[in-house]
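Each chain is listed here by its residues.
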Amino acid sequence: MRFDVITLFPEMFSAIKDEGVIARGIKKSLLSINTWQLRDFSDNKHRNIDDAPYGGGAGMVMQVKPIRDCINKIKQDHPKTKVIYLSPQGEKLTHNLAKELSKSDSLTLLCGRYEGVDERVIEHDIDMEISIGDYVISGGELGAMVLIDAVSRQIPDVLGNQDSLNDSFAEGLLDYPYYTRPETIDGQSVPTVLLSGHQANIDAWRQDQAIKNTQKKRKDLLKNQ
Ligand code: 4FM
């Protein structure tokens, strides 16, 4: 799977490219993350890609031409790429959406800055608008990195044995609790079933804990079952 990211801050993506699960996926050639500096598509010597909003108001708006030129450049090599714009107006990113997107060969992620992008980009050049949650962040880059991480984890073989696909959301539930050595610390003990060696009992306990956890912390998730 290939990600092409259109951004004013390509260096931010070293945060996910250089270490961890995604870095290992890149090393295994299971995925690639390719950044495009939007300023390279500016048509002026100052490398501007933004201008004041029609109708007035504070802040700047990203212009159509550099974004459209960049998307079209990517599409020369990847005509079937799905172009995604990260914004609070988008469809909410969920486990199910991440899983769906992981079946794509090519995703192009447009990261906005300033007040927004010219609406004509969204109308004409974008296939999908996605939000990572109901809050505002300062630009699309962190959203794009969240999406890349969540989607990459769903690509077969990206997670090694070390990482393990612990995906409680695949079951529509929160996770069960984990414990490691020592057996007791400051009077707090590990549940005895986990020390029993009886795998069927352990599995049943974990399933029960996952349900209880979900009932206690996220009742809304159980309504979708
Ligand atoms: C988006 C800032 C576009 C500037 C943003 C521009 C967001 C979210 C978000 C901020 N992205 N989910 N929530 N983006 O807040 O994905 Cl131009």
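Structure's up top.
Below you will find a few notes about this structure. (Residues numbered from 1 in each chain as written. Predicted model: local features only at pLDDT ≥ 70, side-chain atom pairs only at ≥ 80, totals over all residues. Heavy atoms only, no water.)

### Observations concerning the site of the ligand
Here comes step 1: Around the ligand sit 16 residues, and of these Arg113, Ile132, Gly133, Tyr135 and Ile137 come closest.
Here comes step 2: Isoleucine 132 has a polar backbone atom sitting 2.9 Å from a nitrogen atom of the ligand.
Here comes step 3: In this structure, tyrosine 135 approaches the ligand through a main-chain N or O atom, which is 2.9 Å from a nitrogen atom.
Here comes step 4: Relative to its free-state accessible area of 410 Å², the ligand is covered by the protein chains to the extent of 96%. (Near = heavy atom within 4 Å. Polar contact = N/O pair within 3.5 Å; in protein donor to acceptor, adjacent residues only side chain to side chain. Areas by Shrake-Rupley, 256 points an atom, 1.4 Å probe, with all protein chains shown as cover.)

### Considerations on the side chain of arginine 113
Here comes step 1: Along the chain, arginine 113 falls in the loop between β6 (106-110) and β7 (116-117).
Here comes step 2: With a relative accessible area of 19%, arginine 113 lands in the buried category.
Here comes step 3: There is a polar contact of 2.9 Å between the side chain of arginine 113 and the side chain of glutamate 141.
Here comes step 4: In this structure arginine 113 touches Leu8, Phe9, Met12, Met62, Ser138, Gly139 and Glu141, once residues within four positions along its chain are discounted. (Helix = DSSP H or I, 4+ residues; strand = E, 2+ residues; numbered from the N terminus. Buried < 20%, exposed > 50% of the residue type's maximum accessible area, 1.4 Å probe, protein only. Contact = heavy atoms within 4.5 Å.)

### So, the nonpolar core
Here comes step 1: Core analysis: the largest hydrophobic core is formed by 28 residues, its most contacted members being Phe3, Ile84, Leu101, Leu109, Ile130, Leu147 and Ile148.
Here comes step 2: Looking at this core, the elements that each hand over two or more residues are β1 (2-7), α2 (21-27), β5 (82-92), α4 (95-101), β6, β8 (128-131) and α6 (140-152).
Here comes step 3: With five residues, α6 is the single largest residue contributor to this core.
Here comes step 4: Ranked by size, the runner-up nonpolar core spans 18 residues in total, among them Leu8, Ile49, Val83 and Ile122. (Core = buried A, V, L, I, M, F, W, Y, C linked by side-chain atoms within 4.5 Å.)

### What about the sheet that holds strand β4 (residues 61-62)?
Here comes step 1: On the basis of which strands lie adjacent, the open sheet formed by three strands has the order β3-β4-β7 and mixed pairing. Lying at the two open borders of the sheet, with one neighbouring strand each, are β3 (50-51) and β7. (Pairing = 2+ DSSP bridges.)

### Quick look at the sheet that holds β6
Here comes step 1: Strand order in the open sheet formed by five strands is β2-β1-β6-β5-β8, with parallel pairing between adjacent strands. The strands lining the two open edges of the sheet, one partner per strand, are β2 (32-37) and β8. Neighbour-to-neighbour, the strand axes of this sheet turn through a mean angle of 35 degrees, independent of strand direction.
Here comes step 2: Direction of pairing for β5 relative to β6: parallel, over a ladder of four bridges. Of the residues in β6, the one forming a bridge with lysine 82 is leucine 107.
Here comes step 3: On top of the sheet, helix α3 (residues 64-77) reaches β1, β2, β5 and β6; it is set at about 165 degrees to β1, its chief contact.
Here comes step 4: Packed on one face of the sheet, α6 meets β1, β2, β5, β6 and β8 and runs near 175 degrees to β1. (Axes fitted to C-alpha atoms, helices over the stretch in contact; angles between N-to-C directions.)

### Considerations on α6
Here comes step 1: Compared with an ideal rise of 1.5 Å per residue, which puts 13 residues at 18 Å, α6 spans 18 Å between its outermost C-alpha atoms and is within 8% of the ideal.
Here comes step 2: For α6, every residue scored as buried is listed here: Gly140, Glu141, Gly143, Ala144, Met145, Leu147, Ile148, Val151 and Ser152. (Expected span 1.5 Å × (residues − 1).)

### Focus on the pattern of salt bridges
Between side chains of opposite charge, a pair can form when the charged atoms approach closely.
Here comes step 1: All told, the structure shown has 10 salt bridges when counted by the stated rule.
Here comes step 2: In this structure, aspartate 134 engages lysine 92 in a salt bridge whose closest nitrogen and oxygen atoms are separated by 3.4 Å. Within this pair, whereas aspartate 134 is found in the loop between β8 and α6, its partner lysine 92 is found in strand β5, the two being separated by 42 residues in sequence.
Here comes step 3: For aspartate 134, a relative accessible area of 66% translates into the label exposed.
Here comes step 4: Residue classification places lysine 92 among the partly exposed residues on the basis of a relative accessible area of 40%.
Here comes step 5: Across the salt bridge formed by aspartate 208 and lysine 212, the nearest N and O atoms sit 2.6 Å from each other. With a gap of four residues between them, aspartate 208 and lysine 212 both fall in helix α7 (residues 199-217), about one helical turn apart.
Here comes step 6: Note on aspartate 208: relative accessible area 34%, which makes it partly exposed. (Salt bridge = Lys/Arg side-chain N within 4 Å of Asp/Glu carboxyl O.)

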